[in-house]
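Notes for the structure review
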Amino acid sequence: MGSLSLSGICRHQFSPLIMLDFNQSNHRIEKAGFVRKPEKGGLTITQVASPLRRPVIVPSLDNETVDRRDPNHVAWTSVRQERWEGELVVQGEIPLWLKGTYLRNGPGLWHIEDYNFRHLFDGYATLVKLQFENGRLIAGHRQVESEAYKAARKNKKVCFREFSEVPKSENFMAYVGDIAKLFSGASLTDNANTGVVKLGDGRVVCLTETQKGSLVIDPNSLETLGRLEYSDSLGGLIHSAHPIVTDAEFLTLLPDLVNPGYLVVRMEPGTNERKVIGRVNCRNGPAPGWVHSFPVTEHYVVVPEMPLRYCAQNLLRAEPTPLYKFEWHPESKAFLHVMCKASGKIVASVEVPLFVTFHFINAYEEEDEDGRVTAIIADCCEHNADATILDQLRLQNLRSFNGKDDLLPDARVGRFTIPLDGSPYGKLESALEPDEHGRGMDMCSINPTKLGKKYRYAYACGAQRPCHFPNTLTKLDLVKKKAKNWHEAGAVPSEPFFVARPGATEEDDGVAISLISEKNGNGYALLLDGSTFEEIARAKLPYGLPYGLHGCWVPKE
């Protein structure tokens, strides 16, 4: 096995097996307190041989876990090994109040054997943790052990339908059988590579858009514990990849592909049973619009109906189309529906300008002087009604950037106004001038105490152009309509996740956490002050990690 060089981190090279594995007598190869002193101008790693509860088999860097065909940015390269854990040396100062674990989920393994996946969303899930306590930081990552991942490793090929990947049928009869499995859901992936949430009862669940892809994990060891089996009889194959999760409830949308519409459902902590709040029938189009996420207010659920709609024909195709499982239907128009959480009654259903969004940011109720709710305001990362953003996320596009051409489609903070006076139309405007954040916008987080309420600040990924992917972190001030931006040349940051300081009275009193992938193959954890948006700490990882998607915070009890 080749050694893993940590050039610029410590003076020595060592095998990743030494970091994680045990020898045959079941003793550590190296003492767990393995500490290197920093060189001038560099960072180091302490306790890279952190004790583990059981022996771990770590794939060699010379086998299929490394995509050696990609000489480009580590953000788009498969994760180097299946599992790693260690304590990092911190440059700067981690606030002592920051006690808990930040978890980030996302696609991290983009090939099996010599076969390379095509789309960012196809990769098998890699779960990353940053565990903070008393100013110290322990990091780690581990592959989520879905049935799709385990079957691919065992059979050395794709075995389930991923976002754009379809198992190759050996003959026509096998293809017919696969179609039957598609309708039953048996051939759909459970590769939970999109988000990770902490339920009100303490369970931590990785999610994707298939309902079977709801996997419970241990937030400390990152071990996959099993599938979250919903105990109701609601059926269906897919749901919103981003539920609304609080200590009191779990809300999600179940698209109905047969009788186009959406079920709005709630699950209480400590149960696996989803109960229907109400149903929204689609106003138009051959199928429901894609609902990757949706917003809520204190009293209402907002159900989006995008013209980017699910497409049964594309689901059946063996090869992906430019819009993958969807079709663009501008003639079907776009709508937003508002449902009362308590009664399930639809209180507004308005036509809005065409839009494309993956991620809603927040929503709140606008009141008049007498305290009556007159409108719903809903903000999202809006891609100017341009569905080509999906195809821009092909790995070939992400890996081929020359650093000069400006290839990232424009995006903005889209602000919907939904009147509650019976008007048939709503508005869609920019919440602030898009040039404030480089006309790039996605991957937002807010102070969780502001969920469903009037808010001022959001933290997101923006752009410093020319670029082909969001490459900055940005703090949005939606009152002053200004943005503060963080940028380092060649860096690809993941979603800035905001953690509020306990007892804080100001909305932006806290930290924004992000994981940074560097073009030179390195990477680090970054903490920015939530108020000033200036760097307060960073800690270098032993190697750069692939780009990840969404995270959650698990506070230390």
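Residues numbered from 1 in each chain as written. Predicted model: local features only at pLDDT ≥ 70, side-chain atom pairs only at ≥ 80, totals over all residues. Heavy atoms only, no water.

The condition that has to hold: UniProt positions are given in the numbering used here, feature names are shortened, and annotations may be inferred rather than shown by experiment.
Looking at an unreviewed UniProt entry, the chain carries the name Carotenoid cleavage dioxygenase 8-like protein B, chloroplastic-like, with the source organism given as Gossypium australe. Per its UniProt entry, the chain bears the Sequence similarities (unreviewed entry) comment "Belongs to the carotenoid oxygenase family."

1. Description of the environment of I389
Which entries qualify depends on this criterion: Each helix is a run of H or I in the DSSP string that is no shorter than four residues. Each strand is a run of E no shorter than two, and both are numbered from the N terminus. Note on contacts: a residue pair is in contact if any heavy atoms of the two residues lie within 4.5 Å.
Looking at the secondary structure, you find I389 in helix α5 (residues 389-392). For I389 and D410, which are 21 residues apart along the polypeptide, the C-alpha to C-alpha distance reads 9.2 Å. Every residue in contact with I389, bar those within four places of it in the chain, is listed here: V356, F358, H383 and P409.

2. Brief notes about the pattern of salt bridges
Quick note on the threshold: Salt bridge, as used here: a side-chain nitrogen of Lys or Arg that lies within 4 Å of a carboxyl oxygen of Asp or Glu. The buried label goes to any residue with under 20% of its type's maximum accessible area, the exposed label to any with over 50%, and the partly exposed label to all in between, with areas taken from a 1.4 Å probe on protein chains only.
Taken as a whole and judged by the stated rule, the model has 30 salt bridges. A salt bridge links D406 to R439; the shortest N-O distance between them is 3.9 Å. Here D406, found in the loop between α6 (395-399) and β27 (412-419), pairs with R439, found in the loop between β28 (427-430) and β29 (442-445); they are 33 residues apart in sequence, far enough to count as distant. Residue D406 is classed as partly exposed on the basis of its relative accessible area, which comes to 37%.

3. Quick notes on the nonpolar core
The line we're drawing: Throughout this description, the term nonpolar core refers to a set of buried Ala, Val, Leu, Ile, Met, Phe, Trp, Tyr and Cys residues connected via side-chain atoms within 4.5 Å.
The biggest cluster of nonpolar side chains holds 83 residues, and the ones touching the most others in it are Y124, F355, L390, F416 and Y547. The leading source of residues in this core is strand β23 (residues 334-340), at 5 residues. The contact partners of L390, leaving out residues within four places of it in the chain, are H119, F121, F163, W290, L308, L323, Y324, F326 and F358. In this structure, A537, L541, Y543 and L545 belong to the second largest nonpolar core, which totals 24 residues.

4. Topic: the pairing of strand β17 (residues 250-256)
Rules: If DSSP finds at least two bridges between two strands, the strands pair.
Of all 7 residues that make up β17, 6 are buried, and the element is covered over most of its length. Two strands pair when backbone bridges link them, and strand β16 (residues 244-245) and β17 are joined in this way by 2 bridges, in the antiparallel orientation. Looking at the pairing, V245 lines up with F250 of β17. Counting the residues in the hairpin turn of β16 and β17 gives 4 residues. Sheet topology note: the β17/strand β18 (residues 261-267) ladder contains 7 bridges and is antiparallel.

5. Focus on the side chain of D508
Short version of the rule: We define a polar contact as two N or O atoms separated by no more than 3.5 Å, with the added condition that, inside protein, one atom must be a possible hydrogen donor and the other a possible acceptor, whereas residues neighbouring each other in sequence contribute only through side-chain atom pairs.
Topologically, D508 is positioned in the loop between β34 (497-500) and β35 (510-517). Here D508 falls in the buried class, since its relative accessible area comes to 8%. A polar contact of 2.7 Å, which involves the side chain of D508, links it to the side chain of K475. Look past the residues within four positions of D508 in its chain and what remains in contact with it is Y457, Y459, K475, F498, G530 and S531.

6. Observations regarding the sheet that holds β17
Reading across the sheet, the 4 strands line up as β16-β17-β18-β19 and stay open at both edges, with antiparallel pairing between neighbours. The strands lining the two open edges of the sheet, one partner per strand, are β16 and β19 (274-281).

7. With respect to the UniProt feature "binding site: Fe cation" (unreviewed entry) in the chain
Per the UniProt annotation, the sites labelled "binding site: Fe cation" (unreviewed entry) are H242, H292, H359 and H550. Spatial clustering of the annotated residues is evident: they stretch over 309 residues in sequence, but the largest pairwise C-alpha distance comes to 12.5 Å. Relative to the helices and strands, H292 is located in the loop between β19 and β20 (300-305). By relative accessible area, H292 is classed as buried at 9%. In this structure, H292 is in contact with T194, E209, S240, A241, H242, F358, H359 and H550, ignoring residues within four places of it in sequence. Of note, H550 is situated in the loop between β37 (535-540) and β38 (551-555). Each residue touching H550, except ones within four places of it in the same chain, is listed here: L103, R104, N105, T194, G195, V196, H242, H292, H359, M443 and E495. Looking at H550, its side chain comes within polar contact range of the side chain of H242, at 3.3 Å.

8. Some points on unusual backbone geometry
Of note, the amide linkage connecting R465 to P466 takes the cis form, showing an omega dihedral of 5°. Along the polypeptide, P466 turns up in the loop between β30 (457-462) and β31 (472-477). Of note in the backbone geometry, L222 takes a positive phi value of approximately 65° without being a glycine. The topology assignment puts L222 in the loop between β14 (214-217) and β15 (224-227). For L222, a relative accessible area of 4% puts it in the buried group.

9. Concerning the packing of aromatic side chains
As a reminder, the rule being used: Stacked, tilted and edge-to-face are the three classes applied to pairs of Phe, Tyr and Trp rings, where Trp contributes its six-membered ring and a pair requires centres within 6.5 Å; stacked means planes under 30 degrees apart, edge-to-face means over 60, and tilted covers the rest. Both a distance and an angle decide whether a charge sits over a ring: NZ of Lys or CZ of Arg must be within 6 Å of the ring centre and within 35 degrees of the ring normal.
Considering all chains together, one arrives at 19 aromatic pairs under this definition. Following the ring pairs from residue to residue traces out a cluster consisting of F121, F163, W290, Y310, Y324, F326 and F358. Positioned above the aromatic ring of Y230 is the side chain of R274, whose terminal nitrogen or guanidinium carbon lies 4.1 Å from the ring centre. The ring of Y457 carries K475 above its face, with NZ or CZ at 4.3 Å from the centroid.

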